[in-house]
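Structural overview for review
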Amino acid sequence: MKRILLFVLTNLAIVTVLGVVASLLGVNRYLTANGLNLGALLVYALLIGFGGAFISLLISKPIAKWSAGVRLIDGSGSPDERWIVETVHKFAGQAGIGMPEVGIFEGEPNAFATGAFKNSALVAVSTGLLQAMTRDEVEAVIGHEIAHVANGDMVTMALIQGVMNTFVVFLSRVISYAIDSFLRRGNENSSGPGIGYYVTTIVLDIILGFIAAMIVAWFSRQREFRADAGAAQLMGRRQPMINALARLGACIPRNCPRASPPWALPAVSASCSAPILPSRSASPRCKAERAFPQPPGWPLHNPRQKHALQERHHARPPLRCRGPGSGPFRPAGHRLVLRGVRPRQGGRVPRVRAAGRYVPPAARDLAPRGPGRGPGFLARRSQLHKHHEQTAPGCPPGAGDGAHAPCTHAAHTARLPWPRRLRSRTAGNRRMSAAPFPTVELCAQDGAAQADALPEGWLRVESMDLDAQGVARRPDGKVVFIDGALPSELVSTYPLRKKNHWEQAGLIAIHRESSQRVRPGCPHFGLHTGACGGCKMQHLHMGAQVAVKQRVLEDNLWHLGKVRAEMLLRPIEGPAWGYRYRARLSVRHVFKKGTVLVGFHERKSHYVADMAHCPVLPPHVDALLMPLRALIAALDARDTCPQIELACGDRVTALVLRHLAPLSADDMGRLRAFAAGHGVQWWLQPKGPDTVQPLDADGEPLAYALPDFGISMPFRPTDFTQVNPHINRVLVARALRLLDVQAHERVIDWFCGLGNFTLPLATQAREVLGVEGSAALVARCHENYALNRGAAQNRRALAATRFVARNLFEMTPATLIADGAADKWLLDPPREGALALVRALADIEQSRIGAEGAAPLPAGAEGWTPPGRIVYVSCNPATLARDAGLLVHLAGYRCVAAGMVNMFPHTAHVESMAVFQRG
């Protein structure tokens, strides 16, 4: 609609200008010299009307580029841009038109096609819309725009506009002449039109022009239907176009994505939209980025394109919330509980949104938390049978009136025809009598269970804390932390530890279970004695885990740093099982049991769990647990081997055996035989990490690849690398995309480690500086840089890169300035954060603005400039929030984006990322 309005206003301005110029040239005086010459006036109106329309058409493309700030793309940029260009090229070929120019512009969800000729048109999409649609919907919208060009809609609209202009010019002159004649009656001495004629002509041109614009807008709306059909024909199917229209129709404009810079282009689905329904705009959807191993048969010649395809291929379909009575998952007699949302009149419940996003079903059980923005999350759809309005025969007196205990009559405890998905989940939980969690009591509930006044001893779980404990409140306000409980559940507990204001409790029974409770995927997980403590959230649906961690990030940013991100990034999510390529397994020889245990510690204990397998480890490592137990039991040194550290590369699996006493020759032989039989490498660690050496020096080195950048990263098994390599690949790609490094820029990578971000940065920047606190890691960085620089043959050579060892926890403004100015920074600190570094940056800024009490600028600060953008990758949301507060409130930055990274599924660990922009 903005493009149509711009065309109409441009046309109106041109027509007005042409009319004024014609008046100055005396055309009006000629037309009215001997009375109004209607024939000459009609010719004049045709020339002015169609001239204005076609001049507007000819300049429509440059005007659109200028007004929208369109950035043209040619497919040589990011994988998303390349995909958009390829899609436009494909549809243009099918439609039989020349390849249009393709562009991206900043703004709310929108897209347009314009141009005077079919073979030199322009198709542009907005960054706001690039966050709103799936890949199929994107293709449908691009097809819609190509259909506009192929149908010649811009030329047709120009012709219609010319006709309307002609009537406007003709009628305005006729009416103006009549008014002028009325005003000049009795004045026989005057000749030609008076001032009233000119003023009235201009006023009527504007008024009638707006009326004509309504007719043009009506036609513009009708042409959208033809373009919709054209898009369906180009794609060969209708559903994507229908889905795109439905998504536009479900949007609330205030929740649409705001204008975002080009670097905020999402990675999963390059998406766009068109002015299909000009009065509507697209809404964002809740979709998580996913990182999976490369499926077989995918193209290998273009790793960047392969990565983008992986993200789109594994992207989760859009999930929406439904109000009461809608959707197939609400059994009869059940109600939908809303937290923080007041139902509309008539009992209708509005769609619930949080922070401008669709709330996924996985988040419906979460109590409203955070810095008070937006309504709370939807509570679960109850999976328990409440009493019918009329009691069944045989019920005890008063059943269902809310004053009695739950009725156990068969008419109420019998299952209703549940949908298959909910029925299987419930049945799975009912079979858990011997499983880690308590048996769920699936019986009908009376009004007391639904009302605020719960039966004595019952608690309603309101939320979940960072240790995956349910949080409830007793009637006196005392907070209770409950292991194994989930939000919205009704539970009975027993006390474990009591304090004045809080209490630790154990779970006795679940009277109403959460819709997000799932059966754990590991038999060693749970609350029972001897349960493994490696995971804490296996009983919670994976989507709900992501929602909990996202809320943790937002809460920390606000409550600790008083910072709100302007835009929330999609969570990065990967495989839930088999992801842990780094692990430290404890080893214990239990003499009383006559066995050796290898695995993680028990829940809240220093004992080693008796584990037969672990599904979060890679399958080939999971299969080694029992053979490892047998191997350690056969060693002479079984009592002096406390741990085995696991490190998996892309091709090699290394096991680091910590031994407190020298190994015998027989033990060495057993280790070599195990390595040969299971395809692993043994490394020995007699003392500290610096003493780690391979058992045999001729093995293949450990390494992982970053295929998007053509980088290979060799490492030692004790070096720090990310636990989840699938997530790490997406994390690096997103960090560099958000940083938006240009070829002329200098970048500093603080806490660079092995160069996980530094070497990819070197493929894009002019100069890179990597700073790390460990001298050993800096030496490894130099080796990796030399290796990758020598291998750079079919791609751009690595930029000049320097690595420095420095204690980053003792940074000062003088040291910071001595490292030189950089256009952009990337930070990836440990859990302690980057307080000293950020504080030094804040001190420099305070000195620059002359803040009260600020120290003077150190020497050399005159030519030093702070980075324009900072990408902060964090493994601790608390320290990220603390540092973000300094950057925003003291260092002159804005937190333009933040998002969660689910690096450790089923655990409470929260990895995150934030982007800070200068000014």
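Parameters and conventions
Residue indices follow the written sequence of each chain, beginning from 1 at its first position. Reporting of local features is limited, given that this is a predicted model, to residues whose pLDDT is at least 70; pairs of side-chain atoms are given and counted only at 80 or more, and all residues count toward the totals for whole chains, interfaces and linings. The basis for every side-chain value is the complete set of heavy atoms in the structure, and neither hydrogens nor water enter the calculation. Secondary structure elements are defined from DSSP: runs of H or I of at least 4 residues count as helices, runs of E of at least 2 residues count as strands, and each element is numbered from the N terminus. Here's how the labels work: a residue is buried when its accessible area is under 20% of the maximum for its type, exposed when over 50%, partly exposed in between, all with a 1.4 Å probe on protein chains only. What makes two residues a contact is simply this: any of their non-hydrogen atoms within 4.5 Å. The Shrake-Rupley method, run with a 1.4 Å probe, gives the accessible areas here. Residue values count only the displayed protein chains as cover. Angles run from 0 to 180 degrees between N-to-C directions of axes, and those axes are lines fitted to C-alpha atoms, restricted for helices to the stretch in contact. Here roughly perpendicular refers to angles of 65 to 115 degrees, roughly parallel to angles under 35, roughly antiparallel to angles over 145, and oblique to all remaining angles. Residues are grouped as follows: nonpolar covers Ala, Val, Leu, Ile, Met, Phe, Trp, Tyr, Cys and Pro; charged covers Asp, Glu, Lys and Arg; every other residue, Gly included, is treated as polar. Within this analysis, patches are made of residues with over 30% relative accessible area and no salt bridge. Like charges are joined at 9 Å or less; nonpolar side chains (Val, Leu, Ile, Met, Phe, Trp, Tyr) at 5 Å or less. Salt bridges are defined by distance alone: a side-chain nitrogen of Lys or Arg within 4 Å of a carboxyl oxygen of Asp or Glu. Note on convention: near helix rotated counterclockwise from far helix by under a right angle means a left-handed crossing. Clockwise means right-handed. By convention a nonpolar core is built from buried Ala, Val, Leu, Ile, Met, Phe, Trp, Tyr and Cys residues, the set being connected through side-chain atoms within 4.5 Å. To estimate the expected span of a helix, count its residues, drop one, and scale the result by 1.5 Å. Regarding the arc, it is the one traced by the directions from the helix axis to the C-beta atoms. Only centres within 6.5 Å qualify two rings of Phe, Tyr or Trp (six-membered ring in Trp) as a pair; their planes then separate them into stacked at under 30 degrees, edge-to-face at over 60, and tilted for everything else. Here, a strand pair is defined by DSSP locating no fewer than two bridges between the strands. As a per-residue quantity, pLDDT reports the predictor's confidence and falls between 0 and 100. Criterion for a disulfide: a pair of cysteine sulfur atoms at a distance within 2.5 Å.

Observations concerning the overall build of the chain
- Across its full length, the chain holds 23 helices and 30 strands.
- Looking at the chain as a whole, 56% of its 919 residues are labelled buried.
- Of the contacts made within the chain by residues no fewer than 6 positions apart, 70% connect residues no fewer than 24 positions apart.
- Carbon and sulfur atoms make up 57% of the accessible area of the chain, which totals about 38,700 Å².

Quick look at the packing of helix 22 (residues 835-848) against helix 23 (residues 877-889)
- Viewed as axis vectors pointing N to C, helix 22 and helix 23 meet at an angle of 10 degrees, and their least axial separation amounts to 9 Å. It follows from the interaxial angle that helix 22 and helix 23 lie roughly parallel. Contacts between helix 22 and helix 23 involve Leu835, Val838, Arg839, Leu841 and Ala842 from the first element and Arg882, Asp883, Leu886 and Leu887 from the second.
- Taken together, the residues that form the contact of helix 22 with helix 23 break down as six nonpolar, no polar and three charged.

Observations concerning a nonpolar patch on the surface
- A cluster of nonpolar side chains, namely Val163, Phe167, Leu171, Ile175, Ile179, Phe182 and Leu183, defines an oily patch on the protein surface of about 640 Å² accessible area.
- With respect to the secondary-structure elements, Phe182 resides in helix 7 (residues 153-183).

Some thoughts on the packing of helix 14 (residues 542-561) against helix 23
- The geometry of helix 14 relative to helix 23 is characterised by a closest axis approach of 8 Å and an angle of 50 degrees between their N-to-C directions. It follows from the interaxial angle that helix 14 and helix 23 lie oblique. Here helix 14 and helix 23 pass one another in a crossing that is right-handed. On the side of helix 14, the interface is formed by Val552, Leu553, Asn556, Leu557, Leu560 and Gly561, while helix 23 contributes Pro877, Ala878, Leu880, Ala881, Ala884, Gly885 and His889.
- In the contact of helix 14 with helix 23, the residues fall into nine nonpolar, four polar and no charged.

Thoughts on the nonpolar core
- Ranked by internal contacts, the top residues of the largest apolar core, which has 90 residues, are Leu657 and Trp682.
- The element best represented in this core is helix 18 (residues 725-739), accounting for eight residues.
- Not counting residues up to four positions away in its chain, the partners in contact with Leu657 are Ile632, Cys641, Gln643, Ile644, Leu663, Leu671, Trp682, Trp683, Leu684 and Gln685.
- Membership of the second largest hydrophobic core comes to 41 residues, among which are Val563, Ala836, Ile844 and Ala914.

Things to note about helix 20 (residues 775-791)
- With 17 residues, helix 20 should cover 24 Å at 1.5 Å per step; its first-to-last C-alpha distance of 25 Å lies within 8% of that length.
- When we look at burial in helix 20, the residues that qualify are Leu777, Val778, Arg780, Cys781, Asn784, Tyr785 and Asn788. Projection of helix 20 onto a plane perpendicular to its axis shows the buried side chains occupying an angular sector of 155 degrees, all on one side. Relative to its buried face, helix 20 has exposed residues pointing more than 90 degrees away, namely Ala775, Glu783, Ala786 and Gly790.
- Residues of helix 20 that are buried sit in contact with strand 23 (711-714), helix 19 (758-762), strand 25 (767-772) and strand 26 (800-805).

Remarks on the packing of aromatic side chains
- Using the criterion set out here, one finds seven aromatic pairs in the structure.
- Ring geometry for Tyr785 and Phe803: centres 6.4 Å apart, planes at 70 degrees, overall edge-to-face. Of this pair, Tyr785 sits in helix 20 while Phe803 sits in strand 26, and the two are 18 residues apart along the sequence. Just as Tyr785 is buried, Phe803 falls in that class too.

With respect to the sheet that holds strand 20 (residues 681-685)
- The six strands lie next to each other as 17-16-18-19-20-21, forming an open sheet whose pairing is mixed. At either end of the open sheet lies a strand with only one pairing partner, and these are strand 17 (595-599) and strand 21 (693-694).
- Where helix 16 (residues 625-634) meets the sheet, its contacts fall on strand 16 (582-590), strand 17, strand 18 (643-648), strand 19 (653-658) and strand 20, and the angle it forms with strand 17 comes to roughly 135 degrees.
- Sitting on the sheet, helix 17 (residues 665-678) is in contact with strand 19 and strand 20, with an inclination near 145 degrees to strand 20.

Here we look at the sheet that holds strand 4 (residues 122-126)
- Spatially, four strands are ordered 1-2-4-3 in an open sheet, and the strand pairing comes out mixed. Pairing within the sheet leaves two strands with one partner each, and these edge strands are strand 1 (71-73) and strand 3 (111-114). For this sheet, the mean inter-axis angle between neighbouring strands, taken without regard to orientation, is 25 degrees.
- Bridge count between strand 3 and strand 4: four bridges; the pairing is antiparallel. Bridge pairing in strand 4 places Phe112 opposite Ala124.
- Each of strand 1, strand 2 (101-105), strand 3 and strand 4 is contacted by helix 4 (residues 60-68), which is oriented at about 155 degrees to strand 3, the strand it contacts most.
- Packed onto the sheet, helix 5 (residues 79-95) meets strand 1, strand 2 and strand 4 and runs at close to 140 degrees relative to strand 2.

Brief notes about the confidence of the model for the chain
- Residues with a pLDDT of 70 or more make up 70% of the chain, whose mean pLDDT is 75.
- Note on residues 250-451: pLDDT under 50 across the span, and 497 contacts to partners over four residues away in sequence or across chains.

A closer look at the pattern of salt bridges
- Tallied over the entire structure, the rule returns 26 salt bridges.
- A salt bridge links Arg894 to Glu566; the nearest nitrogen and oxygen atoms lie 2.7 Å apart. Of this pair, Arg894 sits in strand 29 (residues 893-901) while Glu566 sits in the loop between helix 14 and strand 15 (572-573); the two residues are 328 residues apart in sequence, bridging distant segments of the chain.
- Accessibility expressed as a relative area gives 34% for Arg894, which makes it partly exposed.
- With a relative accessible area of 34%, Glu566 lands in the partly exposed category.
- Note that Arg780 and Asp719 form a salt bridge whose closest N and O atoms lie 2.7 Å from each other. Placement of Arg780 in helix 20 and of Asp719 in the loop between strand 23 and helix 18 is noted, with a sequence separation of 61 residues between them. Neither residue differs from the other here; Arg780 and Asp719 are each classed as buried.
- By sharing partners, the salt bridges in this structure join Lys61, Lys65 and Glu101 into a single network.

Looking at the pairing of strand 2
- Buried residues dominate strand 2, accounting for four of its five residues.
- Pairing geometry for strand 1 and strand 2, over three bridges, is antiparallel. Residue pairing for strand 2: Leu72 is matched across the bridge by Gly103.

Digging into helix 22
- An ideal rise of 1.5 Å per residue puts 20 Å on 14 residues; helix 22 measures up with 20 Å between its terminal C-alpha atoms.
- By the criterion of burial, helix 22 is predominantly enclosed, with 10 of the 14 residues buried.
- Listed as buried for helix 22 are Ala836, Leu837, Val838, Ala840, Leu841, Ala842, Ile844, Glu845, Gln846 and Ser847.
- Gly850, located one to two residues past helix 22, shows a positive phi value of around 70 degrees.

Let's talk about the state of the cysteines
- Summed over the entire model, instances satisfying the criterion amount to zero disulfides.
- Left without a disulfide partner, Cys532 is nearest to the cysteine sulfur of Cys614, which lies 6.2 Å away.
- Counting only cysteine sulfurs, Cys522 is the nearest neighbor of Cys614, a cysteine outside any disulfide, at a range of 5.9 Å.
- Residue Cys614 is classed as buried on the basis of its relative accessible area, which comes to 5%.

With respect to the pairing of strand 18
- Most of strand 18 is tucked away: six of the six residues are buried.
- In strand 18, alternate side chains face the same way, and those of Gln643, Glu645 and Ala647 on one face and Ile644, Leu646 and Cys648 on the other are all buried.
- Across five bridges, the pairing between strand 16 and strand 18 is antiparallel. Across the sheet, Leu585 pairs through a bridge with Ile644, a residue of strand 18.
- Relative to strand 19, strand 18 runs antiparallel, the two being bridged by six bridges. From the neighbouring strand, Cys648 faces strand 19, where its bridge partner is Thr653.
- In this antiparallel pair of consecutive strands, strand 18 and strand 19, the connection spans four residues.

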